[in-house]
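Coordinate inspection notes
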Amino acid sequence: MEQLYRQTIMDHYKQPRNYGKLADDDAIVLPYKNPTCGDVMILYMLLQDDCIQDIKFEGSGCSISMASCSMMTELVKRKSVREVSQLLEQFTSMIKEGAEPDEDVLEDAVSLSGVHKLRGRHNCALMGWQALQKSLEQHPVTLENHN
Ligand code: ZN
């Protein structure tokens with residue numbers, strides 16, 4: 001099982017999905033970094049009608065951080081902000097609290113569940129997701145239908 005997980009992580013690291021710039025004037029551009037490991041990234045996101053229409057990233061860093069960004073973009077692309085916040089919550093509690101992940105929900109990202117035991121690497125796995133959360137918070141217009 002562990003071996004299979006490592007292969008999934010290396011696959012995303014070597015061939016990151018949704019890698020590159022988003023050439024759209026309306027795209028949100030958010031640089032983000034994880035100083036504890038030296039991982040850096042730029043998140044590009046296009047929000048439309050409460051939905052992530054498109055998302056891409058660029059960056060460099062350790063295999064955990066880059067694989068996690070790749071898996072994150074795959075998971076949240078074309079999902080609603082509400083669905084995305086549930087994914088964010090589930091991924092974060094898998095890393096921070098060691099919560100049992102649902103493979104049907106987190107898909108390839110369950111391969112990072114072992115990072116829970118590596119406390120010093122939590123921020124590597126979480127970087128892409130924190131960037132995502134931050135860029136959603138900066139655009140509260142997408143959350144206005146809560147009231
Ligand atoms: Zn790292």
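Residue positions are counted from 1 within each chain, in the order its sequence is given. Two thresholds apply to this predicted model, a pLDDT of at least 70 for residue-level local features and 80 or more for giving and counting side-chain atom pairs, whereas whole-chain, interface and lining totals are computed over all residues. Calculation of side-chain values draws on the structure's entire complement of heavy atoms; hydrogens and water are dropped beforehand.

1. Description of the pattern of salt bridges
- For this analysis, a salt bridge means a side-chain nitrogen from Lys or Arg found within 4 Å of a carboxyl oxygen belonging to Asp or Glu. Tallying each qualifying case throughout the model produces four salt bridges.
- Among the ionic pairs, Arg 17 bridges to Asp 11, the shortest N-O distance being 2.6 Å.
- The class for Asp 11 is partly exposed, based on a relative accessible area of 32%.
- Between Lys 21 and Glu 58 there is a salt bridge; the shortest N-O distance is 3.4 Å. Here Glu 58 lies in strand S3 (residues 51-60) and Lys 21 lies in the loop between helix H1 (2-14) and strand S1 (28-34), a separation of 37 residues in the sequence. Each residue's exposure class comes from its accessible area (1.4 Å probe, protein chains only) as a fraction of the maximum for that residue type: buried when under 20%, exposed when over 50%, partly exposed otherwise. Secondary structure elements follow DSSP: runs of H or I no shorter than four residues count as helices, runs of E no shorter than two count as strands, and numbering proceeds from the N terminus.

2. Thoughts on the sheet that holds strand S2 (residues 39-48)
- Strand pairing is assigned whenever DSSP detects at least two bridges linking the two strands. The three strands lie next to each other as S1-S2-S3, forming an open sheet whose pairing is antiparallel. A strand with exactly one partner marks an edge of an open sheet, and here the two such strands are S1 and S3. Neighbouring strand axes in the sheet, compared pairwise and without regard to direction, differ in orientation by 20° on average.
- Sheet topology places S1 next to S2; seven bridges connect them, and they run antiparallel. From the neighbouring strand, Tyr 32 faces S2, where its bridge partner is Met 41.
- Helix H5 (residues 122-137) contacts S1, S2 and S3 of the sheet and is inclined by roughly 35° relative to S2. Here an axis means a line fitted to C-alpha atoms, over the contact stretch when the element is a helix, while the angle between two N-to-C directions is reported on a 0 to 180 degree scale. For this analysis, residues touch if any pair of their heavy atoms sits within 4.5 Å.

3. Details of the packing of aromatic side chains
- When the centres of two rings from Phe, Tyr and Trp lie within 6.5 Å, Trp using its six-membered ring, the rings pair. Their planes under 30 degrees apart give stacked, over 60 give edge-to-face, and anything left gives tilted. Applying the stated criterion across every chain yields a total of two aromatic pairs.
- An angle of 80° between the planes, with centres 5.1 Å apart, marks the rings of Tyr 19 and Phe 57 as edge-to-face. Taken together, the residues span a long stretch of sequence, with Tyr 19 in the loop between H1 and S1 and Phe 57 in strand S3 at a distance of 38 residues.
- Between Phe 91 and Trp 129, the aromatic rings sit 4.8 Å apart at their centres with planes inclined by 15°, giving stacked as the arrangement. With Phe 91 in helix H3 (residues 81-97) and Trp 129 in helix H5, the pair connects residues that are 38 residues apart, well separated along the chain. You'll find Phe 91 and Trp 129 in the same group, each marked buried.

4. Quick word on the layout of surface pockets
- Grid points spaced at 1 Å and placed over the protein atoms alone form the basis of the search, with a cavity being a set where a 1.4 Å probe fits but cannot get out and a pocket an open set showing protein on both sides within 12 Å along at least five of seven lines. Lining residues have an atom within 4 Å of a point. Grid points are joined across faces, edges and corners, and a volume is the space filled by probe spheres set on the points. Put simply, the largest pocket is a space of about 310 Å³.
- Lining the largest pocket are 15 residues, with Glu 2, Ile 9, Ser 111, Gly 114 and Val 115 positioned closest to its centre.
- Residue assignment for the lining of the largest pocket shows that the elements contributing at least two residues are H1 and helix H2 (63-76).
- Sort the elements by how many residues they give to the lining of the largest pocket and H1 lands first, with five residues.

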